[in-house]
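# Observations on the model geometry
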Amino acid sequence: MKFKLSIILTLAMICSTIAQNGNPNDYLSAQFHKERREALRKKMPKNSVAVFFGNAVRNRANDVDFIYHQDPNFYYLTGYKEPNCVLVIFSDNQTNKDGKTYNELLYVQEKNPRAEQWTGVRLGVDGAKKSLGFENALNGKEFLNSGIDFYSFSNVFFTDFKDDYRDSKKEEADLYKLVGSFKAQIGYNTKTETKTDSNIKNEINTTKTIAAKKANIDTKAITTYMASLREVKSKEEMVLLTKAVRISAMGQRETMKAMHPGMSEAEIQGIHEFVYKKYGSEYEGYPSIVGAGNNGCVLHYIENSKMKVENDLVLMDLGAEYHGYTADVTRTIPANGKFSPEQKIIYDLVYEAQEAGIATVKIGNSFTDPDKAARDIITNGLMKLGIINKAEDSRKYFPHGTSHHIGLDVHDPGMYNTFEKDMVLTVEPGIYIPNGSDCDKKWWGIAVRIEDDILVTDNAPVNLSSEAPRKSSEIEALMAEKSLFDNYNLPKLD
């Protein structure tokens, strides 16, 4: 009864986020983004400037692009979700030619009715001012000749360029041109010039080195500033992140009930992602991983191409993205609803390791503590089972770390030092025994990962994804329940 009430409350919560125009109304507020810019400004030294660019539009094939996804730092600071944009943040107030002061500038895509007919309405300058709360918003083309004297600043902060974008013939101020203009404005990659002095007598050739003018650029510090800001979540962020995690846990629950040996990995993926969409999640936070049997031993297996999972264990590592915030939840379940003796032994060992790891997530503890606790248990367990003979060999079967931050990125930036209140991180130990391993054949093809999203609090750690069962007995019990998908049969195609 308690769980049914929880489902009703979840649905009510999600329905309440729909505005009268049919669009969500629970995005981060303009005030949140403004406060984040102010927090960054406080970290910057005097007489400095930070420049951020939006993500590139990336081509999928021919004239089809991938769905656009904003750079997480840019979104964190602005809330702007369109491409071809620049944010400039000054540590100190600047004065324009009219005598007005400002400390930030946002350059956005210009309104263009023809382009908007094909790709959707643009905010434009007025929209950026009204919706995002920027007093100083300009069209992107104005950045091409910004008039900002970058040479006058002690530090010019930005993230170094990946140069993974195209030059669009349709946009007057696309990312390619914006970045190119910025490079010219700061003397980026300007080389020392050598010239021949023709005034030297006796026809002796000589040269003089002319140092090119270059701004005092720093491509490292901004990464540290942003990581230190983003690793601790605000109350407003926690609403969205918690929703993403709960949606992901619901996907795991529904898939457990629907699972049967005749399913394909892709079908299992589809159930998860259907649940995400049903709850209002826009995207997946990362490519969905559904690996049956030996496929689960590939840590980032995303082909999901096996046609029947049969009686294998199925490792399902998927996360819903809700308004930019992504969960990261993994469950491993027996396709036929019952763990075999060997599957259960390995599963319960990973569960024990995860419990030990979660218990260490306390304020002041080291970020490495969950890994150490989980790894000790897995190492000892593998030795007792005779799968390994010496402790260092456990790395073969547990090759990855145990924890990372989540947020706007599935691997969110952070300082990764000690735990602080309102951090959210994964705890995800695993054991992977590929076919052909140097151990008894009965263990081959068993892959188990259990991953939950844990909130650091003043008291005990809180498992945000607890609605998806973790104990082997609880998983088997839920898998025995009827599913909404049990009678969902499509017509056969010849």
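A short tour of the structure in this document, coming up. It should be emphasised that the depicted structure is a prediction, and the values quoted were computed from it without experimental measurement. Positions within a chain are numbered from 1, following the residues in the order the chain's sequence is written. Residue-level local features of this predicted model are given only where pLDDT is at least 70; pairs of side-chain atoms are given and counted only at 80 or more, and the full residue set underlies all totals for whole chains, interfaces and linings. Side-chain calculation: all heavy atoms of the structure are included, whereas hydrogens and water are not.

Attention now goes to the packing of helix H10 (residues 341-359) against helix H11 (residues 369-384). In a packed pair of helices, the relevant descriptors are the angle between the two axes and the axis-to-axis distance. Orientation of H10 relative to H11, taken along the N-to-C sense of each, is 155 degrees, at an axis distance of 7 Å. Judged on the interaxial angle alone, H11 and H10 are roughly antiparallel. With respect to the hand of their crossing, H10 and H11 are arranged in right-handed fashion. Residues Leu349, Glu352, Ala353, Ala356 and Gly357 of H10 form the contact with H11, whose own contacting residues are Pro370, Ala373, Ala374, Ile377, Ile378, Gly381 and Leu382. Interaxial angle, 0 to 180 degrees, is taken between N-to-C directions of lines fitted to C-alpha atoms, where a helix line uses only the stretch in contact. Only DSSP runs of H or I with at least four residues qualify as helices, and only runs of E with at least two residues qualify as strands; both kinds are numbered from the N terminus onward. What sets the label is the angle itself: under 35 degrees gives roughly parallel, over 145 gives roughly antiparallel, 65 to 115 gives roughly perpendicular, and the rest give oblique. Each crossing gets its hand from how the near helix is turned against the far one by less than a right angle, where anticlockwise is left-handed and clockwise is right-handed. Here, residues are in contact when the closest pair of their heavy atoms is within 4.5 Å.

Here Asn62, not a glycine, exhibits a phi torsion of approximately 55 degrees, which is positive. Within the element layout of this structure, Asn62 appears in the loop between strand S2 (59-61) and strand S3 (64-65). Backbone geometry places Asp422, a non-glycine residue, at a positive phi of 75 degrees. On the secondary structure map, Asp422 appears in the loop between H11 and strand S17 (424-427).

In this structure, Lys42 sits in helix H2 (residues 30-43). Accessibility here uses a 1.4 Å probe with only protein chains present; expressed as a share of the type maximum, an area under 20% marks a residue as buried, one over 50% as exposed, and anything in between as partly exposed. Given the relative accessible area of 69%, Lys42 is considered exposed.

By this definition, two strands are paired if DSSP reports at least two bridges between them. The strand order across the open sheet formed by six strands is S6-S5-S4-S1-S7-S10, and the pairing between neighbours is mixed. With one partner strand each, in any of the chains shown, strand S6 (137-139) and strand S10 (217-218) form the two edges of the open sheet. Taken together, the six bridges between strand S4 (residues 86-95) and strand S5 (residues 101-108) define a ladder with antiparallel strand orientation. What sits directly across from Thr95, in S5, is Thr101. On top of the sheet, helix H6 (residues 175-186) reaches strand S1 (48-53), S4, strand S7 (155-157) and S10; it is set at about 160 degrees to S1, its chief contact.

Once that is clear, we can look at H10. The end-to-end C-alpha distance of H10, which contains 19 residues, comes to 27 Å, matching closely the 27 Å that a straight helix rising 1.5 Å per residue would cover. Of the residues making up H10, those classed as buried are Gln343, Ile346, Tyr347, Leu349, Val350, Tyr351, Ala353, Gln354, Gly357 and Ile358. What a helix is expected to span follows from its residue count: subtract one and scale by 1.5 Å.

We define a salt bridge as a contact between a side-chain nitrogen of Lys or Arg and a carboxyl oxygen of Asp or Glu at a distance within 4 Å. Within this structure, the stated rule accounts for 28 salt bridges. One salt bridge connects Glu171 with Arg122, and the closest N-O pair in it is separated by 2.6 Å. One end of the pair, Glu171, is in the loop between S7 and H6; the other, Arg122, is in the loop between helix H4 (113-119) and helix H5 (124-132), and 49 residues separate them in sequence. Across the salt bridge formed by Asp393 and Lys390, the nearest N and O atoms sit 3.2 Å from each other. Residue class for Lys390 comes out partly exposed when judged on its relative accessible area of 42%.

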